[in-house]
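Secondary and tertiary structure notes
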Amino acid sequence: MTDTVPDQKHTDEVAAWWRQAVVYQIYPRSFADANGDGIGDLPGILSRVDYLAELGIDAVWLSPFYPSALADGGYDVDDYRDVDPRLGTLDDFDAMVEALHARSIRVIVDIVPNHTSNRHEWFQEALAAGRGSEARDRYIFREGTGPDGSQPPTDWVSVFGGPAWERVDDGQWYFHNFAVEQPDLNWDNEEVRADFLKTLRFWSDRGVDGFRIDVAHMLTKDLSDPLPSRAELALLPQDGSHPLIDRDDVHEIYAEWRQVFDSYDPPRTAVAEAWVSTPERRAKYASAEGLGQAFNFDLLVADFDAVEFRRIIADNLAQATLSGSSTTWVLSNHDVTRHATRYGLQPLNGRHVKQGTEWVAAGGPEEQLDREGGLRRARATTLLLLGLPGSTYVYQGEELGLHEVADITPAQRQDPAFFRGAEFDGLGRDGCRVPLPWTADGSSFGFGSGGAHLPQPAWFAQHAVDVLAGDPSSTLSLYRDALRLRHRLQTGESLEWLKTDRVDVLRFARPNGWQVVANFGAESFDLGADAEHVVLASTPVSGAALPGECTVWLAPDD
Ligand code: GLC
Ligand code: CA
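These numbers were taken from a predicted model, which means no experiment stands behind them. (Residues numbered from 1 in each chain as written. Chains lettered and ligands numbered in written order. Predicted model: local features only at pLDDT ≥ 70, side-chain atom pairs only at ≥ 80, totals over all residues. Heavy atoms only, no water.)

**Overview of unusual backbone geometry**
Looking along the chain, the bond that leaves Asp 225 and enters Pro 226 is cis, with omega of -5°. Residue placement: Pro 226 occurs in the loop between strand E7 (210–213) and helix H8 (230–235). Cis rather than trans, the peptide bond between Asp 265 and Pro 266 has omega equal to -5°. With respect to the helices and strands, Pro 266 occurs in the loop between helix H9 (250–262) and strand E8 (269–272). One non-glycine residue, Leu 70, lies in positive phi territory at about 65°. Secondary-structure assignment places Leu 70 in the loop between strand E2 (59–62) and helix H4 (90–102). The phi dihedral of Phe 445 falls on the positive side, at around 50°, and the residue is not glycine. (Helix = DSSP H or I, 4+ residues; strand = E, 2+ residues; numbered from the N terminus.)

**Here's the deal with a negative patch on the surface**
A cluster of like negative charges, contributed by Glu 134, Asp 137, Asp 188, Glu 190, Asp 222, Glu 252 and Glu 256, occupies part of the molecular surface. At the level of elements, helix H6 (134–137) and H9 are the ones that each hand at least two residues to the negative patch. By the element assignment, Glu 134 lies in helix H6. (Patch = residues over 30% accessible without salt bridge, like charges linked within 9 Å, V, L, I, M, F, W, Y side chains within 5 Å. Areas by Shrake-Rupley, 256 points an atom, 1.4 Å probe, with all protein chains shown as cover. Salt bridge = Lys/Arg side-chain N within 4 Å of Asp/Glu carboxyl O. Lys, Arg positive; Asp, Glu negative; His and termini not counted. Charge placed at Lys NZ, Arg CZ, Asp CG, Glu CD.)

**Thoughts on the coordination of the calcium ion (ligand 2)**
Looking at the metal site, the calcium ion (ligand 2) is ligated by Asp 33 (OD), Asn 35 (OD1), Asp 37 (OD), Ile 39 (O) and Asp 41 (OD), spaced 2.3 Å from it. Written as a sequence motif, the donor residues of the calcium ion (ligand 2) are D-x1-N-x1-D-x1-I-x1-D. We classify Asp 33 as buried; its relative accessible area is 6%. (Donors = N, O, S within 2.8 Å, 3.2 Å for Na, K, Ca; no water. Buried < 20%, exposed > 50% of the residue type's maximum accessible area, 1.4 Å probe, protein only.)

**Considerations on the sheet that holds strand E5 (residues 165–167)**
In spatial order, the strands read E4-E6-E5; together these 3 strands make up an open sheet with antiparallel pairing. Every other strand in the sheet has two partners, leaving strand E4 (141–142) and E5 as the edge strands with one partner each. Sheet analysis places E5 next to strand E6 (residues 173–175), joined by 3 bridges and oriented antiparallel. Note that in E6 the partner of Trp 165 across the bridge is Phe 175. (Pairing = 2+ DSSP bridges.)

**A word on the pairing of strand E13 (residues 391–395)**
Within E13, 5 of the 5 residues are buried, which leaves it mostly tucked inside the rest of the structure. What you see with E13 is no split at all: Ser 391, Tyr 393 and Tyr 395 on one side and Thr 392 and Val 394 on the other are buried throughout. Note that strand E10 (residues 328–330) and E13 share 3 bridges and pair parallel. Across the sheet, residue Thr 328 finds its bridge partner in E13, namely Ser 391.

**As for the site of ligand 1**
Around ligand 1 lies a shell of 14 residues, among which Asp 72, Asp 214, Glu 273, His 334 and Asp 335 are the nearest. Contacts to ligand 1 include His 115, whose side-chain N or O atom sits 2.9 Å from an oxygen atom. Contact distances for ligand 1 include 2.8 Å between an oxygen atom and a side-chain N or O atom of Glu 273. Summarising the interface, the protein chains cover 96% of the accessible area of ligand 1, which totals 310 Å² for the free molecule. Here the residues of the shell around ligand 1 are counted per class, giving 4 nonpolar, 3 polar and 7 charged. (Near = heavy atom within 4 Å. Polar contact = N/O pair within 3.5 Å; in protein donor to acceptor, adjacent residues only side chain to side chain. Nonpolar A, V, L, I, M, F, W, Y, C, P; charged D, E, K, R; others polar.)

**Some details on the packing of helix H7 (residues 190–205) against H9**
Put simply, H7 and H9 touch, their axes get as near as 10 Å, and they point 35° apart. Crossing of H7 over H9 shows right-handed handedness. Together, Arg 193, Phe 196, Leu 197, Leu 200 and Arg 201 of H7 and Glu 252, Ile 253, Glu 256, Trp 257, Val 260 and Phe 261 of H9 make up the contact between the two elements. Its residues placed into classes, the contact of H7 with H9 shows 7 nonpolar, no polar and 4 charged. (Axes fitted to C-alpha atoms, helices over the stretch in contact; angles between N-to-C directions. Left-handed = near helix turned anticlockwise from the far one by under 90°. Contact = heavy atoms within 4.5 Å.)

**What to know about empty space enclosed by the protein**
A water-sized probe, rolled over the atoms, reveals where empty space remains. Taken as a whole and assessed by the stated rule, the structure comprises 5 cavities of 30 Å³ or more. Together, Arg 282, Ala 286, Ala 294, Asn 296, Asn 316, Gln 319, Ala 320, Ser 323, Ser 325, Ser 326, Thr 327 and Thr 328 line the largest cavity. Counting only elements with at least two residues in the lining of the largest cavity, the list comes to helix H10 (279–286) and helix H11 (306–323). Residue contributions to the lining of the largest cavity peak at 4 residues, all from H11. Grouping the amino acids of the lining of the largest cavity by side-chain chemistry returns 3 nonpolar, 8 polar and 1 charged. Estimates place the volume of the second largest cavity at around 70 Å³. (1 Å grid on protein atoms, 1.4 Å probe; cavity = no way out; pocket = protein on both sides within 12 Å on 5 of 7 lines; lining within 4 Å. Points joined across faces, edges and corners; volume = space filled by probe spheres on them.)

**What to know about the pattern of salt bridges**
Here the idea is simple: oppositely charged side chains can pair when their charged atoms come close. Under the criterion given, the structure shown has 34 salt bridges. Measuring nitrogen to oxygen at the nearest pair gives 2.7 Å for the salt bridge that ties Lys 221 to Asp 184. Of this pair, Lys 221 sits in the loop between E7 and H8 while Asp 184 is found in the loop between E6 and H7, placing the two residues 37 residues apart along the sequence. Taking relative accessible area as the criterion, Lys 221 reaches 11% and is therefore assigned buried. The residue Asp 246 makes a salt bridge to Arg 281 at a minimum N-O spacing of 2.7 Å. You can see Asp 246 sitting in the loop between H8 and H9 and its partner Arg 281 sitting in helix H10, a full 35 residues away along the chain.

**A short note on the environment of Pro 266**
Owing to a relative accessible area of 5%, Pro 266 belongs among the buried residues under this scheme. Spatially, the C-alpha atom of Pro 266 lies 38 Å from that of Leu 375, the residues being 109 residues apart in sequence.

**A few points about the domain arrangement of the chain**
Under the domain assignment, the chain is made up of domain 1 (17–113 + 191–481), domain 2 (121–175) and domain 3 (494–554). With centres defined by C-alpha atoms, the gap from domain 1 to domain 2 works out at 30 Å. Listed as interface residues are 22 residues of domain 1 and, on the opposing side, 17 residues of domain 2. With both chains or domains summed, domain 1 and domain 2 bury close to 1,600 Å², and 65% of this area falls on carbon and sulfur atoms. For the domain 1 face of the interface with domain 2, the top three residues by lost area are Leu 223, Arg 230 and Arg 420, together amounting to 33%. For the pair domain 1 and domain 2, the number of links is 2 salt bridges. (Domains from an automatic or database assignment. Buried area = accessible area lost by both parts, 1.4 Å probe.)

Here it is as C-alpha cells:
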C-alpha cells in the first residue's frame, strides 16, 4: 500500500493540496451497491471511480463505513479499524484507495471520537465489569439521583431528543450526547487517547490522506459536581469554559493528533466538524497546530440573500487569515435538507415539515416546494461557492440536482433524530440519504440489483446520471464544467469585491482576473461588454442580461 498519491513530488504545494480542494462527500451506504443487498458498499464506490474522476473532484470524504448496527447511520462505531462486513473488507478498502489515488483523488475518512457504539467491545466490557471498574472509566458512568438513584444524574437532553442519560442493569447511568446506542467516551482516560492515535495511524498507514472529525468540539467535558441543570447549562457561555461544548482543553487532544499527522509525508490533513459560537472559536480548530481546517456551516443556515452571503463570505475569509487555514464552503451534507429544497421553500431557506404529502416551510407561508426555482437558486449558489477561495464540500447527489425526498413513511425511516423527536427539520435526515439514481431505468435506478434501503421516488429517473451526463444544460454538466474551469480560476486565496450598484448582485475578482457575478435578485443585471467574457453560467444567459437568480464566471482574455 502506498503512503502517498503515486508519482507526486513532495513539495509544499503537494502538502497543501487541501487548501482549495473540492471534496466530494460519499455516504457509502447510499452511493452504489455492488452485491445487490440494498446497501451501498466499497466495491460499489470502486465501480464508480471513473464517474468521480470525470466529475473532476480533488478528494472524497467517506462517511463511516466501519462495523455498526446503524443506530445512527454508521456514526455508532463498533470497531474503528475495520470495515463493516456488509460494506466490504479491508482489502476492498485498499483496492478502492488505490483506484482513487491512481486518478489523483485523495481519500478522507470520518473519525468519530466523541462516542463509540454500545456494541463496541469497550462498552460491552464496561457493562460486564461493573461500577468503579477501569472499563467503566473509559466512558461516563455516574450514580443516579433521588433516594434510590432511580433518577438520572441531571435533566440534560440529548441532541437527538430524549434524556442524555441511560440506566444500566446494576443501576448506574451513562451519558450519551447523541443516541442511547452512542455512549460518550471519557477523554480524560489515557487509554482512550492512545487508542485514537492508533486509529489515526492505522488509516494513515493504509494511505488515507485526511480525516473528518465528527463533533470535534464535544470530546472533553468537565463533569465535576455540582452538575448544572439543563436550564443552567443553556445559560453558560460557550467561551471555552462550558462543561460540555467547545472547551479549551479539547485542543490538547488535537495538538497530539497533529504530531501523528505531521509524521507522514505529505502530512495528513484534518477538518473539524465544530459547531461553535464564533469565528474566533472556530479558528482554534483550524490552526496549524491543531486539525488544520474546520467546516464553516454558516451557509447551511443562511437565506438565499446576497447581503447575507456577502457577510458570511467576508467573515470567513477574514477568519481563514486569522487561523492561517483556508476556508471551507458547504451547502449540503448528510445532516441537513438538500439546498435545492431549502431554496425552494418560502422563506428561501426551508426549515420544513411535511403536511400530507407536501413540503411546507415551518414558520413561513405554507407554500409547496418550488422544485424548479429551488434548483435554479441551488445552481447559482453552487457556482458562486466554487468561484470562491478555499475548499468546497459537495454532497453526493447535489451534482444531480436532487431535492430532499419527503415520501418516506415512518416505518421506512432510519434516523434516530426522527424517532426521538429532535428538531432536525421535523423529518429527520433520511431524505438526503436516499440511494443515488445512476440510470433512469432498472432496479433501484442503477443503485444496485437488490433494491434500495431507503425508498427512491419516481422523480429520481429525471435526475439519473445516464440522463444528465449527455445533456450539456444539466446540473451534472454544470458541475463538471465548473470543476474543470476551476483549476484555472483558483490561484491566490483572495478576492476583491467589485461594485455593482445593486444590493442583490455580488461581484468579485480573483487575483488572476477571473470574476464571479451572482444575481440573487429577480431583475436581470446588465453585464455590458463583459458579457463577452462569460465562460460559465448557472442558467442560460443571452446577450448582456444576466438573468435573475443566476451566477456567471468571467474569464479575462488570455
Ligand atoms: C455528526 C454527524 C451526524 C451524527 C452525529 C453523531 O454531527 O455528522 O451524522 O449523527 O455527529 O455522531
Ligand atoms: Ca451492498
